[in-house]
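Observations on the model geometry
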Amino acid sequence: MIEPLEQHGKPTPVRRKYWQTLGSLLSGEILTLREEQFFLVLAIFIGIFAGLAVVWFRIAIEMSRLLLLGSSLRPTFPRVVIVPAVAGLFIAFLVIRFFPRARGSGVNQTKGALYIYDGYIALNTVIGKFLTSALAIGSGQSLGPEDPSLQIGAGMASFLGRKLKLSRERLRLIAPVGAAAGLAAAFNSPITAVLFVIEEVIGRWSAGILGAIVLSSISSVVVERWFLGDAPLFRIPQYHLEHPAELLAYAVLGVIGGFASLAFVKLVGFLRTRARQMPAWAHYFQPAVAGAVIGVIGIWFPQVMGAGYDYMDQAMHGQFVWKVLLILGALKLIATCLSFSSGTPGGLFAPTLFIGAMLGGGVGMFVRASFPQMTVPVGAYALVGMGTLFAGILRAPMTSVFMILEVSGNYSIILPVIISNAIAYFISRRFQKTPIFDLLSRQDGLDLPSLEEERELQVLRVEDAMRSGDGFYLSGFDTLADARRSLADSPESFFLVQMANGNWAGIQRSEVKALTSDDRVPLATVVDTILPRLHPDTPLDYALRQIQDWPMLPVVHRADYNRLLGVLKLDDIIRAYRQSNVEHAETS
Amino acid sequence: MVRGFEARREQLADRWFGRGNRDLQAGNATQAVNEFQTALSYSPNSPDYRLKLAVALMRSDRWEEARAHLLSLWEERPGDGEINLLLARVFAHRNLVSNAVRYYQGAIYGVWNADPVHNRRMARFELANLLLSRGQAQAAQSELIALAAEPPTSPEELFQLADLLLRAGEPQRALDIYLQLRRKNRTGAADLGAAQACYALARYQSAFEYARSALRADPQSGAAQDLLQRSEALVKADPRATGISARDRMLRSYAGYKLAAGRLQDCLNANPSDATLLQLQQDQQHDFSKLRQNSLRDADARENVLRWVFHVETAAARTCGAPTGDDALLLQLAQAQERYR
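What you are looking at is a predicted structure, and each value in this text was computed from that prediction instead of being measured.

Two numbers describe a pair of packed helices, the interaxial angle and the distance between the axes. Residue and element names in this part refer to chain B. Relative orientation of the contacting elements helix α11 (residues 188-200) and helix α12 (residues 204-217) amounts to 160 degrees, with a least axis distance of 8 Å. One way to sum up the angle between α11 and α12 is to call them roughly antiparallel. Pair α11 / α12 crosses with left-handed handedness. Residues G188, D191, L192, A194, A195, C198 and Y199 of α11 form the contact with α12, whose participating residues are Y204, S206, A207, Y210, A211, S213, A214 and A217. Here the contact of α11 with α12 is composed, by residue class, of eleven nonpolar, three polar and one charged.

Turning our eyes to something else, we now look at the pattern of salt bridges. Opposite charge on two side chains permits pairing when their charged atoms draw close. The tally for this structure, following the rule as stated, stands at 30 salt bridges over all chains. We note a salt bridge from D444 of chain A to R272 of chain A, for which the minimum N-O separation is 3.0 Å. On the criterion of sequence distance, the pair formed by D444 of chain A in the loop between α18 (436-443) and α19 (451-456) and R272 of chain A in helix α10 (residues 246-277) is long-range, its members being 172 residues apart. Exposure remark for D444 of chain A: the relative accessible area of 29% places this residue in the partly exposed category. A residue is classified by how much of its surface remains accessible, and R272 of chain A, at 6% relative accessible area, is buried. Across the salt bridge formed by E157 of chain B and R121 of chain B, the nearest N and O atoms sit 2.8 Å from each other. In this pair, E157 of chain B sits in helix α9 (residues 155-167) while R121 of chain B sits in helix α7 (residues 116-133), placing the two residues 36 residues apart along the sequence. Comparing E157 of chain B with R121 of chain B shows no difference in burial state: the two are buried. Here the residues in one salt-bridge network are D118, R168, E169 and R172 of chain A, joined through shared partners.

Moving on, we come to the interface of chain B and chain A. With 27 residues of chain B at the contact, the number on the chain A side is 23 residues. Of the roughly 2,100 Å² buried where chain B meets chain A, counting both sides, 57% is carbon and sulfur surface. For the chain B face of the interface with chain A, the top three residues by lost area are M1, V2 and F5 of chain B, together amounting to 24%. Applying the counting criterion to the chain B and chain A interface returns two salt bridges.

Bringing the pairing of strand β4 (residues 494-498) of chain A into the picture now. Residues and elements named next belong to chain A. By the criterion of burial, β4 is predominantly enclosed, with five of the five residues buried. By the alternation rule, side chains of β4 split into F494, L496 and Q498 and F495 and V497, which are all buried. As judged from the three bridges shared by strand β3 (residues 473-475) and β4, these two strands associate in the parallel manner. By the bridge assignment for β4, Y473 is matched with L496. Chirality of the crossover, the property in question, places the unit of β3, helix α20 (residues 480-488) and β4 among those that are right-handed.

Take the packing of helix α7 (residues 168-187) of chain A against helix α8 (residues 190-202) of chain A next. Residues and elements named next belong to chain A. Where α7 contacts α8, the two axes come as close as 8 Å, and the packing angle between them is 140 degrees. The pairing of α7 with α8 is recorded here as oblique in orientation. The interaxial crossing formed by α7 with α8 has right-handed handedness. In this structure, α7 contributes P176, A179, A180, L183, A184 and F187 to the contact, and α8 contributes P190, T192, A193, F196, V197, V201 and I202. Looking at the contact of α7 with α8 residue by residue, the class counts come to twelve nonpolar, one polar and no charged.

Procedures and definitions
Residues numbered from 1 in each chain as written. Chains lettered and ligands numbered in written order. Predicted model: local features only at pLDDT ≥ 70, side-chain atom pairs only at ≥ 80, totals over all residues. Heavy atoms only, no water. Axes fitted to C-alpha atoms, helices over the stretch in contact; angles between N-to-C directions. Helix = DSSP H or I, 4+ residues; strand = E, 2+ residues; numbered from the N terminus. Parallel < 35°, antiparallel > 145°, perpendicular 65-115°, else oblique. Left-handed = near helix turned anticlockwise from the far one by under 90°. Contact = heavy atoms within 4.5 Å. Nonpolar A, V, L, I, M, F, W, Y, C, P; charged D, E, K, R; others polar. Salt bridge = Lys/Arg side-chain N within 4 Å of Asp/Glu carboxyl O. Buried < 20%, exposed > 50% of the residue type's maximum accessible area, 1.4 Å probe, protein only. Buried area = accessible area lost by both parts, 1.4 Å probe. Pairing = 2+ DSSP bridges. Right-handed = clockwise from strand over helix to strand, strands pointing away.

These figures capture arrangement, not role.
Pasting the structure below:
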């Protein structure tokens, strides 16, 4: 029988319980989310908003280009020179007077938010980045939209996080979540975005942040494809390794790409330093000068203007002869260095891929012309070239490999990619110790952590610090009398006691002497504090947290806790870190 | 706003595509390439734009670039007849015959949006032409026979078919088509074609008559003149020609015998140890040592002599090289007899 809600004009117990339940719901008592879960849900919304922002950003770039340079891929003279120059003046004015933090690519600015500013990116910066980058790329400056999209996404995430009053820790992490969303939408590649943010912005893998980054990337890509379609940025030709000798050619591409990367980074470092040393008034004209020079180049080679995705597609379809490809690669390198060093807001992703596509295509065409018996797929060389320059310039090796796999959807290309990328990365690393993002941050006076250095830091483990356990332990089955006899022969003041079930306890020499129990009782009965166990492969960082005030900890075998492999003291840990620092300083 | 942006891009793509089409039709392929590329930048997924770009690239002599575009289109639509046909042309241009044949087959059996019968026929024509130009007459024959099974209706295509059949070594089928064309519209071209087909079939009398008819229609025709002369010479030299008197038959046979004997002697002088020639000389001494002109009134005797004459000419051509003059005529008659015995 269903109980009524009212009886004789008064609410029944059922009705009273109904309102109580509703009140609990509204007050969040029943549906309270833990902050971690809320963070994940928020990541989805960040992805949606970042995706929308990137859609608008791409439209803004396109509209700028149509308005300023016209619809032709080959703008006419003198428009091709005047437009980038005048736009450069306007951009410089906006950046210097209103949006100073919009300068640069956006990657270091996002890292700065994470490591220095507690996740804070001003909304003003986001707006400034949007406007100035769209104008810069649309007017023909040789820059890309991906890095600004990364910063725009990070900025929107920061804004949302502040409005929702997230904790300081979560606010710090929300910027990379938005960054991944922005990059994923701009590049239409969620996996690449996730890997890049982890490799270059955060520098670590943890389940919580990884989950949020993945969710935001996916949701932003869904939004971007909903509005702009799922057409790839460029069409990738099919690839099959026809002959193992081709791998040699890819190795050569790696060498060329490595040195090209080196030239790029050195030139950016040099030009940027010189540009910043100029008087303040000169900074207003630097983007205009860069724009004018690019415009002059654009009279003959309009391909170097803007992001250049159309021409990467053409390079992949063998539309240029090898000499033209190499010329385009060289000119794009110079143009990008000029644009970026002048302080024009914009990214390095697209120009890096462009240079790589041209160099790769050039090598491919040259190999085809020189060895006609080898049916060389030029598009594959262009594709591998993109990854090669990405690895050499941006120094994100893992991202560079997976990026190529993601955009090509073809796993047979992985071998050439790895070979070429590894060689380029090695050359770049050998002759340019500081990666480009670290170089730029130091020029800006920011001491951001070098994630490349962190990756390459040796992870110290317990086995690197522990010492032999001989003379440091007693058996719990020994009697007190036996224990006192053992102590007499040892100079140590603290001893481990092997207990039952693989446990280990500790006892001071003074405690043993002070015990008044019967000498025949087992030692195990008079000790009660069980020590934490360590293993040889345990990171030393973890051991440092465990050791606390203990004089030493046991290091035991993972399959047999009774088997003591060594002991670890705090002195051992400190000595190991010191030794590692010395070795690192010697090799760097 | 996004929809407006997309609509604007489509509009620009259409505009540039239209310009490209106009320039392509005007023969300005290089400019058309730039315009199609611009159209593609606004509508990158359009297969029609990519196809037209490939056509413009081919006409600009940029075959490799066209191939790259066409291959990526083919991967998306492997059954499309037009894509297969264009790819076949690219590979034919690069002299990669097996690849070209494969894509021509794809065009013949592929899907065509407009006028499939005509397009498939044209693909077969091109394929047959390619095979003949590469010396693969037998492969070409099967394509041409398939074409002949469903022949075209236009005179131009019928002429083309007959010409190809003749080149492919199917003179009888070619003759049938030429005669069909003569019945519909008696032209010098049809007569000339019929003459050539009859000549290939060793019907020299008919070839002579058709060649004469072709020359009447076009007195300037060098091909008709040449064919007329050759067929006339053969008709006059042929001892087995129809409509000649017994005396003429005898005289021609004896003349042929004398000619062949002289040829045999000359060839033996140059190659005294050739076994075939020695055998033929022995046969001559054994069978024809007392041969007189009048002996050849008898049909059997004449046939024996003619058989010997044709053997001599064939063996001498093998051993001493191609003959000239009247010896060449005798050799041709011998080969025709061998082919159509």
